[in-house]
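Residues per chain are reported as follows:
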Amino acid sequence: MCPTPASRRWDGSHVAARLPRALHVAPDSPTRLLRAAQSGTCRLCGNRLEWYQRSDGHPIGLHPAELTTRTVPAPCRWHLSRGVAHPAGDGSAWCRIPHHLICPSHDTTTLTPPLKELRRQLALRTRRLIDTGAHTPSPAPPSRPATACRPARPIAHLLYSYYLADRPLEDIRCVAQTRARHRCPHPVQHPSAPPGIWTLHSLSPGYGQLALPGGPTAIYDLSHLPYAEQLRWRTQRCPHHTATHGAADLTLTGWEVFNPALHHQHIHTRLPDVIRRRTGRRA
């Protein structure tokens, strides 16, 4: 009796290829982030990397391939556990390495020979991407005039807390995943939604902290908005994806809890120029 091929059933009919099921967010999940959908590209070299959340809550970009532990120094080893990146090894013969350690755009002379070879391969791929026009290295940010006052990382007041944004307000983008499995292109500061108010506000120090010098600070106040609207800003979603409960997050939000001791360079004592001109207020 001839054995039945694996691609056919017992009666000779073809077996249809089983497509992998798409990831979905569990209803009781504390986060709407798809852990396996965090692939991205380095803005400096154009090579692929994978974003994971560290145990302290901050994101880290790791090289997508596993490496043997004997080729990676102990301080550079990372391992994954349930979608969270942890420093050091987990006792196995394989580990992950942060992308910035082998990024061709960084000058690194302390790499082991295998890591130098990996960095050389990434550099060759970067050159091919640049030659074919698939990647353009990020230029240095232009210096703004001294008279301009536009916070690059504004401070927002919402949900009874102060948060530091990772970019200007008008550039904050929705983190939800579209039906085409791309990131939503719409901004969070949507024209159809009620806006916040720029105001000069004295930040009250937390317990055990010293008072902040310099007087009032420019704050984008959202605390007067309804709770649902403040939650939309905190989860970094556009009005459309706020109403779409089944859409998952494709990336981490850019908010960071404001700490005056760590983020003092982002404290501005003047309102943005546009607001001052609109209200007729002089600096």
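Data block above holds the structure.
Thresholds applied
- Per chain, residue numbering runs from 1 following the sequence as it is written.
- Two thresholds apply to this predicted model, a pLDDT of at least 70 for residue-level local features and 80 or more for giving and counting side-chain atom pairs, whereas whole-chain, interface and lining totals are computed over all residues.
- Based on all heavy atoms of the structure, the side-chain values leave hydrogens and waters out of the count.
- Strand pairing follows a simple DSSP-based rule, namely that at least 2 bridges must link the two strands.
- Here a helix means four or more residues in a row that DSSP labels H or I, a strand means two or more in a row labelled E, and each is numbered from the N terminus.
- A pair is scored as a salt bridge if a Lys or Arg side-chain nitrogen falls within 4 Å of a carboxyl oxygen belonging to Asp or Glu.
- To sort residues, take the accessible area from a 1.4 Å probe on protein chains only and compare it with the maximum for the residue type: under 20% means buried, over 50% means exposed, and anything in between is partly exposed.
- Among the buried residues, those of types Ala, Val, Leu, Ile, Met, Phe, Trp, Tyr and Cys that are joined through side-chain atoms within 4.5 Å form a nonpolar core.
- Note on definitions: a residue-residue contact is assigned when non-hydrogen atoms from the two residues lie within 4.5 Å.

Bringing the pairing of strand β2 (residues 48–54) into the picture now. One ladder, built from 3 bridges, connects strand β1 (residues 39–41) with β2; its direction is antiparallel. Looking across to β2, one finds that Gly40 is bridged to Leu49. Here β2 runs beside strand β3 (residues 59–62); their pairing, made up of 4 bridges, is antiparallel. Its bridge partner being in β3, Glu50 is matched across the sheet by Leu62. Connecting β2 to the next strand, β3, in antiparallel fashion are 4 residues, including Gly57 with a positive phi near 95°. In this sheet, strand β6 (residues 84–87) lies alongside β2 in parallel orientation, the contact comprising 2 bridges.

Turning our eyes to something else, we now look at the pattern of salt bridges. This structure, assessed with the given rule, holds 8 salt bridges. Across the pair Glu117 and Arg120 runs a salt bridge whose closest N-O atoms are separated by 2.8 Å. Taken together, the residues span about one helical turn, with Glu117 and Arg120 both in helix α1 (residues 113–131) at a distance of 3 residues. Of the charged contacts, one joins Asp249 and Arg237 as a salt bridge, the two residues approaching to 2.7 Å between their closest N and O atoms. Here Asp249 is found in the loop between α3 (239–243) and β12 (256–257), whereas its partner Arg237 is found in the loop between α2 (227–235) and α3, with 12 residues between them in sequence. Accessibility classification places Asp249 together with Arg237 in one group, the buried group. A single network of salt bridges, built from pairs that share partners, joins Arg48, Glu50 and Arg96.

The next thing to look at is the nonpolar core. Ranked by size, the top nonpolar core spans 15 residues in total, and within it Ile172, Trp233 and Trp255 carry the most contacts. Those elements that provide at least two residues to this core are β8 (155–158) and β11 (217–221). The residues contacting Ile172, other than those within four sequence positions of it, are Ala165, Arg167, Pro187, Val188, Trp233, Gln236 and Trp255. Among the nonpolar cores identified, the runner-up in size contains 10 residues, and Leu67, Leu111, Leu115 and Leu118 belong to it.

Our next topic: the pairing of β6. When strand β5 (residues 78–81) meets β6, the two strands line up antiparallel, connected through 4 bridges. Directly across from His79, in β6, lies its bridge partner His86. The antiparallel pairing of β5 with β6 creates a hairpin that spans 2 residues between the two strands, and Arg82 there sits at a positive phi of about 55°.

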